[in-house]
Amino acid sequence: MKKTYKILIYALIFLGATVTGVSTAFAQKTIITGTVRDAVTKETLPYVSIFFNDTRIGTQTDIDGNFKISTNEDYNQLKFNYVGYEVLIKNIVVGQTQKLDVLLKSNAQSLNEVTIIAGKRRYSNKNNPAVELIRQVIEHKNENQPKAYETVQYKEYEKMLFSMSNISEKFRNKRMFRNYQFLFQEQDSTQIGGKNLLPIYIQEKLADQYLSFSPDKSKTVVLAEKQVQFDNRYIDNQGMKAYFDRMYQNINIYDNNISVMSNDFLSPIANSSPTFYKFFITDTLKNQTPNVIELSFTPRNKGDMLFEGKIYITMDGNYAVQRASFGVNKNINLNFVRAMQIDLDFEKNVDKRYYLSKSTLIADFGINKNKGLGFTGERSVNYKEYKTNIEIPDTVFSGKKIEILAGAEKRSDDFWKKNRLDSIPEKQLKIYGNIDTLQNLPSFKRTMQIVTLLFAGYQNLGPYEIGPVNTFYSFNNVEGFRLRLGGRTTPELSKRYYFENYAAYGFKDEKWKFFLSATYSLNNKSIYKFPQNYIRASFQRDTKIPGQELQFVQEDNFLLSFKRGVNDMLLYNDFYRVDYVREFENRFSYTVGFKKWSQTPAGGLVYSDAGSNSNINRLTTSEFSVGLRYAKNEKFYQGKIYRTPIIDRYPIYNLKYTMGVKGLLGGEYNYHNIMGSIDKRFYVSQLGFTDVRLEAGYISGKLPFPLLAVHRANQTYAYQLNSYNLMNFLEFVSDHYASINIDHSFNGFFLNKIPLLNKLKLREIISFKAIYGGLRDENNPEKTNTGIYKMPTYENGMQRTYSLNKEPYMEGSVGLGNIFKLIRVDLVKRFNYLNNPEVSEWGIRTRVKLDF
């Protein structure tokens, strides 16, 4: 089971329920719902501001004039405020649930100052002053961004705070929490739902930022950083930081798309925003210079990946955003997010343009969107000392794009007090000490061991980890029941030396399999951390399905034991390998390796000489390889003993060359194999995103089919992104090929618009895969019978393996994702080669994926 920090977030939600239980003593809740209408026309009024009187706790009506607001305090009045209407104060009953029908009277004098567009039926882009205003903002976007200058320099202070939320007093008082009461001494609340929170994680960073736009260059110099340090045996601190940074990225409202929670949202001032948003002028602020117009916006469809809220536009000819406050609709097709609030503040530069001075993003997560334990994250960024069009020496941009000064992680408390660009409550700072105390409690350690085993698949024993648990038991037609036990060392043993091992036994073939590897880190860092620089030697004796990529330690998985059709072909393999891996800061990497591979066919797979018809019991090759990889701006969910790349919009290039050497350590063939691939994600705004993979390969030399390209087939019931899900194992081989794989997710764009069905939050997916290839005559048993093997056949003599000389193999699928928030189901169709034996034209495949 692959560990990712997506899983960690969901685990923390549950972990809080078993580790920290928190809350204050709640008073009986006051809940008010209702509708606000025009007193004369009875039309509903959108975006009416509603506050508990003399407080800043409030909400606003939605596009249909409806609202809901609640509190645990004893406020007894609500204040309704809407431009063009008289302010209204209504009495409410404390501690009860009640419904109000509110009628606002128009104020003629105010109405003369601003045009109000209200009512769902009358909305139109045509002759709409709100739409005309947003078009002006769009037209002036380039002038109001940092890229309008030649250079920009500023200081940046970032604070990220995470808290458990919405935990009852009853839960807190359970006996199991008697050792954790110190955590409940300090609590906080935010604008998100007014919930009580308990901070459990905090990180801070202070940096100098340098930007140049001609040519395009950037440099970040980290002056100081600190974060809560969890026990590395259970939670990797750097991996957690990388995941949070991915979820909470910098927000530029002038971009067409804004990335939040690993999803792209269309900005309210994107070029196409009038097509997807409704805009309303809701106020004119004439007490400011220049005058500012308050512009409210809402999605045309509430389930789409869109925001709703307000932006404030300067009426000085720049049409710049002076302030913005927005979030997401509660009906949005976004998993686990109960609420979200983004606030952007801008300040005027010396040239009278505006720059972002503070950005705040708060999001509240929960398994249940309406109640129960939650998890709230807040990221705030302050920008100061903003300087434009000043000369920045080229030496500033030399070296790494992100430079961390020596001692940045060891700054004193006095340094932070003097250099923070924002105030921080004392109760938030106490979390640094609280977590240290928490981790020394035996009950916490036991809980973390259980969580690590359940969600990561490994049992930590300090310097050694046992796992992964999903490989302990599996089965197949050749080995029968298979038991396996193994693990790997951790940095607690050594930061330079790493060892992996396992032993497995098949009860049907009565054979032992095992794996041993030793890795030496050349840069005194974990071999899983960027940039990698290590050498590894390994030996593996195990089984393998032909055409399936053999991983270092996890080939067998219980869930993948269930397969369709005839599945009796297997290889016994002996691998001797030496690999050297080197990564560079610019995300270029290379791998140099040597491998001796001896393979023996098993089960229904037979190697037979095409000329003599004699069976071949063992095939041995010796080969050298060089792999090149480039992934611009790549980031990782990076842990102490694993690493997973984060899929982003930048392409990933791979090129690999392999040379087989006859006569070297028993190698039987000379050959050259070159393979290249490009992976790219395309974001298509409201239409979702597309993952595209292009791959091609060429193998020179006269070779038996096991040494050719055995195309990746899949006979399991799991949907595999980079395999052909209706191709049989070893059905096609080629010595030259080219392929394309397209997988597109619409993120619910169409289903969100279907009544009732939209409540299921499903997401549409389509895919198409094609591969074109073939065999040269020298490698085709139908054209030559010397020096190569016969193609495999079934027991009845029917051919089992083919070439792709006639036409490309093609398959496609339509699917539904986000079923129960984690399941994808695809209906897959195979378009051709349907006359091959044991072929399925249609199939249903599933895939499990946790995502926001």
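Residues numbered from 1 in each chain as written. Predicted model: local features only at pLDDT ≥ 70, side-chain atom pairs only at ≥ 80, totals over all residues. Heavy atoms only, no water.

Chemist: Please explain the overall build of the protein chain as it appears in this structure.
Modeler: A count of helical and extended segments in the protein chain gives 10 helices and 45 strands. Burial analysis of the protein chain (852 residues in total) assigns 54% to the buried set. Partitioning the contacts of the protein chain with sequence separation of at least 6, the portion at a separation of at least 24 is 65%. Only carbon and sulfur atoms are counted for the fraction: they give 53% of the accessible area of the protein chain, which is about 38,700 Å². (Helix = DSSP H or I, 4+ residues; strand = E, 2+ residues; numbered from the N terminus. Buried < 20%, exposed > 50% of the residue type's maximum accessible area, 1.4 Å probe, protein only. Contact = heavy atoms within 4.5 Å. Areas by Shrake-Rupley, 256 points an atom, 1.4 Å probe, with all protein chains shown as cover.)

Chemist: Whenever I open this one, the sheet that holds strand 4 (residues 66-71) confuses me. Can you help?
Modeler: By way of backbone hydrogen bonds, the strands of a sheet pair with one another, either parallel or antiparallel. Taken in spatial order, the 3 strands make up an open sheet running 4-1-7, and their pairing is mixed. The open sheet has two free edges, formed respectively by strand 4 and strand 7 (97-104), since each of these has just one partner strand. Each adjacent strand pair in this sheet contributes to an overall mean axis angle of 25°, direction not counted. In terms of strand pairing, strand 1 (residues 30-38) meets strand 7 through 8 bridges, oriented parallel. From the neighbouring strand, Gly34 faces strand 7, where its bridge partner is Leu100. (Pairing = 2+ DSSP bridges. Axes fitted to C-alpha atoms, helices over the stretch in contact; angles between N-to-C directions.)

Chemist: How should I be thinking about the nonpolar core in this particular structure?
Modeler: Generally speaking, nonpolar side chains in soluble globular proteins are found buried as a group. The biggest cluster of nonpolar side chains holds 95 residues, and the ones touching the most others in it are Ile253, Phe307 and Met340. In this structure, Met569, Tyr572, Met791 and Val828 belong to the second largest nonpolar core, which totals 40 residues. (Core = buried A, V, L, I, M, F, W, Y, C linked by side-chain atoms within 4.5 Å.)

Chemist: When you look at the pattern of salt bridges in this model, what are you seeing that I'm missing?
Modeler: Side chains carrying opposite charge are able to pair once their charged atoms draw close together. Scanning the entire structure with this criterion turns up 36 salt bridges. We note a salt bridge from Asp304 to Lys753, for which the minimum N-O separation is 3.0 Å. Of the two residues, Asp304 sits in the loop between strand 15 (292-299) and strand 16 (308-314) while Lys753 sits in the loop between strand 41 (736-745) and strand 42 (763-774), which places them 449 residues apart along the sequence. Between Asp735 and Arg776 there is a salt bridge; the shortest N-O distance is 3.6 Å. Taken together, the positions of Asp735 in the loop between strand 40 (733-734) and strand 41 and Arg776 in the loop between strand 42 and strand 43 (809-819) put the pair 41 residues apart, joining distant regions of the chain. In terms of burial, Asp735 and Arg776 fall into one category: buried. Ionic contacts of the salt-bridge type, sharing partners, join the residues Glu479, Arg482, Asp509, Lys513 and Asp542 into one network. (Salt bridge = Lys/Arg side-chain N within 4 Å of Asp/Glu carboxyl O.)

Chemist: I keep staring at a nonpolar patch on the surface and nothing clicks. Help me out?
Modeler: Together, Val592, Val626, Leu628, Leu655, Tyr657, Ile674 and Tyr698 make up an exposed nonpolar region whose accessible area comes to about 540 Å². Within the residue set of the nonpolar patch, elements represented by two or more residues are strand 33 (619-631) and strand 36 (652-660). Relative accessible area serves as the criterion here: at 40%, Ile674 is assigned to the partly exposed category. (Patch = residues over 30% accessible without salt bridge, like charges linked within 9 Å, V, L, I, M, F, W, Y side chains within 5 Å.)

Chemist: What's the story with the sheet that holds strand 2 (residues 49-52) in this structure? I'm lost.
Modeler: If you trace the 4 strands from one edge of the open sheet to the other, you get 3-2-5-6, paired in antiparallel fashion. Each edge of the sheet is formed by a strand with only one pairing partner; in this case those strands are strand 3 (58-60) and strand 6 (88-91). Within this sheet the neighbouring strands show an average axis-to-axis angle of 20°, counted without direction. Sheet topology places strand 2 next to strand 5 (residues 77-81); 4 bridges connect them, and they run antiparallel. Bridge pairing in strand 5 links Phe52 to Leu78.

Chemist: I tried to follow helix 3 (residues 129-139) on my own but got confused; where do I start?
Modeler: Structurally, the α-helix is built with 3.6 residues per turn, so residues lying three or four positions apart point the same way. Turning to helix 3, its buried residues are Ala130, Val131, Leu133, Ile134, Val137 and Ile138. The arc that holds every buried residue of helix 3, seen down its axis, measures 160°, which confines them to one face. For helix 3, the secondary structure elements touched by its buried residues are helix 6 (273-276), strand 14 (277-285), strand 15 and strand 16. Residue Asn128 occupies the N-cap position of helix 3, its side-chain oxygen lying 2.9 Å from the main-chain nitrogen of Ala130. (Arc of directions from axis to C-beta. Polar contact = N/O pair within 3.5 Å; in protein donor to acceptor, adjacent residues only side chain to side chain.)

Chemist: What am I meant to see in the packing of aromatic side chains here?
Modeler: Within the structure shown, the criterion is met by 38 aromatic pairs. Geometrically, the ring pair formed by Phe279 and Phe297 is tilted, given 6.4 Å between the ring centres and 45° between the ring planes. Here the residue Phe279 occupies a position in strand 14, and Phe297 occupies one in strand 15, the gap between them amounting to 18 residues. Both residues of the pair, Phe279 and Phe297, count as buried. Considering the side-chain rings of Tyr724 and Tyr809, the 5.6 Å spacing of their centres and the 85° angle between planes classify their relative orientation as edge-to-face. Taken together, the residues span a long stretch of sequence, with Tyr724 in the loop between strand 39 (709-710) and strand 40 and Tyr809 in strand 43 at a distance of 85 residues. Overall, Tyr724 belongs to the buried group, its relative accessible area being 7%. By the ring-pair criterion, three or more aromatic residues cluster together here, those being Phe265, Tyr277, Phe279, Phe297, Phe307 and Phe326. (Phe/Tyr/Trp six-rings, centres within 6.5 Å; stacked < 30°, edge-to-face > 60°.)

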